[in-house]
Each structure stands twice: as structure tokens, then as C-alpha cells.
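Chain and residue survey
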Amino acid sequence: KTPKPLAFSSFSFVLSHLNREMWFQDFFPPNMCPINAKDNTFYGIMFDAGSTGTRIHIYTFVQKSPENLPELEGEIFESVKPGLSAYADQPEKGAETVKRLLDMAIDAVPPHLWKKTPVVLKATAGLRLLSEEKAQSLLLEVREVFEESPFLVPEDSVSIMDGSYEALGAALSMMLFAGQLSGQNQHTVGTLDLGGASTQITFLPQFEETLKETPGDFLTSFEMFNSTYKLYTHSYLGFGLKAARLAILGALNVEAVDGQMFRSSCLPKQLEAEWHFGGMKYRYGGNKEGETGFKPCYLEVLKVVEGKLHQPDEIRGRSFYAFSYYYDRAVDTNLIDYEQGGVLEVRDFERKAEEVCDNMEKYNSASPFLCMDLVYITALLKEGFGFRDNTLLQLTKKVNNVETSWTLGATFHLLQSLGITY
Ligand SMILES: O=c1[nH]cnc2c1ncn2[C@@H]1O[C@H](COP(=O)(O)OP(=O)(O)O)[C@@H](O)[C@H]1O
Ligand SMILES: [Ca+2]
């Protein structure tokens, strides 16, 4: 059976299927209902301070008439590398990168709406891994940049995001895109995000059993459109792709890494190189004398994932949306098209991993980590989360030209909690 693509409905379609009264009560408190509003656009600015880069998302919502629901009109998006955590010892410089991105919003948002446009930055795993003191001084500098801007700065506008909120934002984004919030049809949406430092899984459980068997801190409730949704959601810190490379090399939490050589059967035999990550320098290389290739590599990687993750039974028979490094590595190996994305089965990653790892000389123009990354993705999916070989993954970067990211869900949630509309 060939995999069938999961259908997306457009954002406006989603909104038009919501119960309008419910929508109005939640999104527009009664005294704020916009009657006779001439101008009908409002904005939300969300920064994603990820471990490998900082990104700004400026979302535009339009309300075409008072009785109609606001629609997501578009997104302006820009990013810079490296991420804030690379400025651990120069917080002002880090904040400067945020300021440059925020200047884009000054141009994008009309001046009379600046004061009604909230700006928020949420940092993910990169900052979670820094010392409290360094992380806080970075956040403080960013907060000053926000305070000096003309935008609305809500309480707690600059923070390290809880991992489960990140997963929740991603799920909410997908629900908005896919029409899941219309109430009945809640079963398809699950999301997988593989960042540099952490990885997230989220889905709406269908079976009571799942709720019973799941540890309490893997369940999150949230309110949207007068319904309460119970989500399975967890963020695994240290299981992002780049953190996993270090774990596989045995270089994670090693005190004196200087000068030490970390070798792996997942790397080209003759390779010897240096890698800078999280403010540290690592020397790494291939198994000069010993084995290389898929089999030995898989065994090495298995040690890092086996038994480390919670495996809910229910996910085996379901399909998931997959983002970030799942997407990037699938593009790198021609499993999907960069623009279109596509549907893959878990075993497609495994086949590709075998092909790359057993022919490393053929792939020597790609990243030396390509074999390791593909094996990690395969093992994470199969042995970590417990997916089947034929579990379907919908790889998606953009829907209607809007980035599929936790940021849309988080912005939506923010605007709702602030009661912001035109
Ligand atoms: O603009 C973007 N939005 C969302 N994800 C992005 C964007 N740019 C890059 N990414 C993806 O994020 C992944 C890196 O993760 P990130 O830097 O967010 O680390 P983290 O989530 O562990 O903090 C890469 O796979 C990259 O494709
Ligand atoms: Ca991320």
C-alpha cells in the first residue's frame, strides 16, 4: 500500500469551521468585540531562540468583518546564526542580534499598531543547557532591547520556554493548520521535532489506556475554544541531533575534552577533524583500524537511545508530522524535495542510513556526520519512541507559505491570553 499524504486544510478553512460564538468569547472578550472596525489587521511577534539560531516570526492576522473570524494572513520570517547560547560570555552582543531582527518588525508593522503588537522571545534547549547565571544575563539584555522598542512587552516576555510548552506550541500550530480544533476529529495530529539540543514528541491520546499508562509529567492540558485538550507531550533534553552526536562519540559530560580524540564507527575511516559546539572544541574521527558501517554504527547508537525514552503503545499505529532535522536530513539525502516535503515511512530512513553508512566514500562530499545522523534518526524513531517500520511521517516545512513551527501555536495562545484583536 502506498502511503497517502495527509491532507492539510487552510487556516481560514479551519477558522470558518469553528463555532463562532465560542470563538468570540474566547478570542474577543465581550467589551472588546470590534464593531465597525475599519482597519482590520493585527500582528504578533515571536522570537524562537533555538540552540543553532535565532528566528523572528511576524504574524499578520486579518479580520475581514466583525462577524467573520480572523484569519492568518501571512508571516514575515528571518533568522540569524549562531543562536543566543553562542553569546554566553557576551550577552550584549547576543542581544544585538535580536535587535537587528526586531528592526525588521519596525518596518513590517504599521506605527499605529506598534503598541498593540506583543513581542515575545522564547528560548529552547540551547539556553536550557547554559548555567542559570549566563542564561539570565542574556535574557536580561534581550528584555532591555524589547523595553526600548515601541512594541507591547507582556509580562514574562523573555524566557526559557518549558519543553512541554514548545511541544504544545508545535501541536497547536498543526491543529490550527489541520482543522483539528473544530472539535470532532482529534485523532491525527502528532508532531515530532528534532532540534540541535533537544527533541519533542506530542499527540492527542485517543485511548483511556494511554492516559492511564503515561507518567503525569508527560500530560499537559490546555484550553482552547472552550474545550480542554489533554496532550501527551515531552521534550527530551540532550536528545537533539547535535547533542546526540556528542553522546554517540562518548564526549558528553566528559570533563577534559581538550586533546582527547573521540572515535566512532559511524564516521569515515580516515577522518580526523575538530568540531565546535556549545562553546567547546571536540576532536573526532573514524575507526581507523576497526569497523565502520551501518551495523557497528547502529550498535553504537543503540546505547544512547535504548530504554531511554517513554514508549506509548498508541503511537505505533498513528502518523506524525515531523519537522526540523528530520526534514533537513531527508532533504540532504533526496528522500524528499526541499520545497515540497513529503511522506516517508520510518524504514525509509533506515534504508537510507544503510546506503550511506555502507558507502561512506561515495558520500564524502556531504557532512561527515551524515551516516551517524541518519542512524540516530532511525534508532530514535524505532528503538527510542518505538515506532513501527511502516509508521508514516509527514515531513512539512511550510503550509500556505507559513513555517510549521511551535511559534505559530505559541503566538496564537499569546494573542488569545492577551485578548488582542483589532
Ligand atoms: O526557521 C526555523 N524555524 C524552525 N526550525 C528551524 C528554523 N531554522 C532551522 N530550523 C531547524 O531547527 C533545527 C535546529 O534546532 P534548534 O536550533 O531550534 O535547536 P533546539 O530546538 O534544540 O533549541 C534544525 O533542524 C533546523 O532545520
Ligand atoms: Ca527548535
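One numbering rule holds for all chains: residues counted from 1, following each sequence as written. For this description, chains carry letters from A and ligands carry numbers from 1, given in the order in which they are written. Predicted model: local features are reported for residues with pLDDT of at least 70 only, side-chain atom pairs are reported and counted for 80 or more only, and whole-chain, interface and lining totals are derived from all residues. In computing side-chain properties, one takes all heavy atoms of the structure into account and sets aside hydrogens as well as water.

Under an unreviewed UniProt entry, the name given to the protein chain is nucleoside diphosphate phosphatase, and the organism recorded is Amazona collaria. UniProt positions are given in the numbering used here, feature names are shortened, and annotations may be inferred rather than shown by experiment. UniProt annotates the protein chain under Subunit (unreviewed entry) with the comment "Monomer; active form. Homodimer; disulfide-linked. Homodimers are enzymatically inactive."

What follows is about the side chain of Ser159. Along the chain, the position of Ser159 falls in strand β5 (residues 158–160). In this description, contact between two residues means that some pair of their heavy atoms is separated by no more than 4.5 Å. Residues contacting Ser159, with those up to four places away along its chain left out, are Leu121, Lys122, Ala123 and Leu139. To qualify as a helix, a DSSP run of H or I must reach at least 4 residues; to qualify as a strand, a run of E must reach at least 2; elements of each kind are numbered from the N terminus.

With numbering aligned to this structure, UniProt lists the feature "binding site: ATP" (unreviewed entry) at Gly196, Ala197, Ser198, Thr199 and Gln200. Here Ala197 lies in the loop between β6 (190–194) and β7 (198–203). Burial here depends on accessible area, computed with a 1.4 Å probe over protein chains only, as a share of the maximum for the residue type. Under 20% is buried, over 50% is exposed, and the range in between is partly exposed. When its relative accessible area of 1% is taken as the criterion, Ala197 is described as buried. Sequence-distant contacts of Ala197, defined by excluding residues within four places in its chain, comprise Ser51, Ala125, Gly126, Leu129, Tyr236, Leu237, Gly238, Phe239, Gly240 and Ala243. Looking at where Gln200 falls in the secondary structure, it is placed in strand β7.

What follows covers the packing of aromatic side chains. We call Phe, Tyr and Trp rings a pair once their centres come within 6.5 Å, taking the six-membered ring for Trp, and we label the pair stacked below 30 degrees between planes, edge-to-face above 60, and tilted otherwise. As enumerated under the stated definition, the model contains 16 aromatic pairs in all. Ring centres of Phe203 and Phe320 lie 6.1 Å apart, and the angle between their planes is 70°; this geometry places the pair in the edge-to-face category. Here Phe203, found in strand β7, pairs with Phe320, found in strand β13 (residues 320–322); they are 117 residues apart in sequence, far enough to count as distant. This pair shows no difference in class: Phe203 is buried, exactly as Phe320 is.

All right, on to the site of ligand 1 then. Only a single heavy atom is needed: when it lies within 4 Å of a molecule or strand, its residue is near that molecule or strand. Around ligand 1 there are 18 residues in total, and Thr52, Phe77, Thr124, Ala197 and Asp328 lie nearest to it. Residue-level accessible areas treat just the shown protein chains as cover; the underlying method is Shrake-Rupley with a 1.4 Å probe. The fraction of the free accessible surface of ligand 1 (560 Å²) that becomes covered by protein chains is 87%. Secondary-structure elements contributing two or more residues to the shell around ligand 1 are α4 (125–128) and α10 (324–332). It is α10 that provides the largest number of residues to the shell around ligand 1, a total of three residues. All amino acids are sorted into three groups, where Ala, Val, Leu, Ile, Met, Phe, Trp, Tyr, Cys and Pro are nonpolar, Asp, Glu, Lys and Arg are charged, and the leftover types, Gly among them, are polar. Considered class by class, the residues forming the shell around ligand 1 number four nonpolar, ten polar and four charged.

This part covers the pairing of strand β2 (residues 54–63). Both faces of the sheet carry side chains from a regular strand, because those side chains alternate between them. Buried residues dominate β2, accounting for nine of its ten residues. When DSSP finds at least two bridges between two strands, those strands are taken to pair. Sheet analysis places strand β1 (residues 41–49) next to β2, joined by nine bridges and oriented antiparallel. Bridged to Asp48 within β2 is Arg55. Connecting the antiparallel pair β1 and β2 is a turn made up of four residues.

Listed under "active site" (unreviewed entry) in the UniProt record, and renumbered for this structure, are Glu166. Summarising the element assignment, Glu166 is placed in helix α6 (residues 163–178). Among residues more than four places away in sequence, those in contact with Glu166 are Thr124, Arg128, Met161, Asp193, Ser198, Gln200, Ser235 and Trp406.

With that settled, consider the nonpolar core. In this description, a nonpolar core means a group of buried Ala, Val, Leu, Ile, Met, Phe, Trp, Tyr and Cys residues linked to one another through side-chain atoms lying within 4.5 Å. If you look at the biggest cluster of nonpolar residues, it comprises 62 residues, and the most contacted ones within it are Leu192, Tyr326, Tyr376, Leu381, Phe385 and Leu395. When neighbours within four sequence positions are excluded, Leu381 is seen to be in contact with Leu192, Tyr326, Val346, Phe349, Gly386, Phe387 and Leu393.

You can see Ile58 is positioned in strand β2. With a relative accessible area of 0%, Ile58 lands in the buried category. C-alpha of Ile58 to C-alpha of Leu204: the two residues are 146 residues apart in sequence and 28 Å apart in space. In contact with Ile58, other than residues within four places in its own chain, are Tyr43, Gly44, Ile45, Gly74, Glu75, Ile76, Met104, Ala105, Ala108 and Val109.

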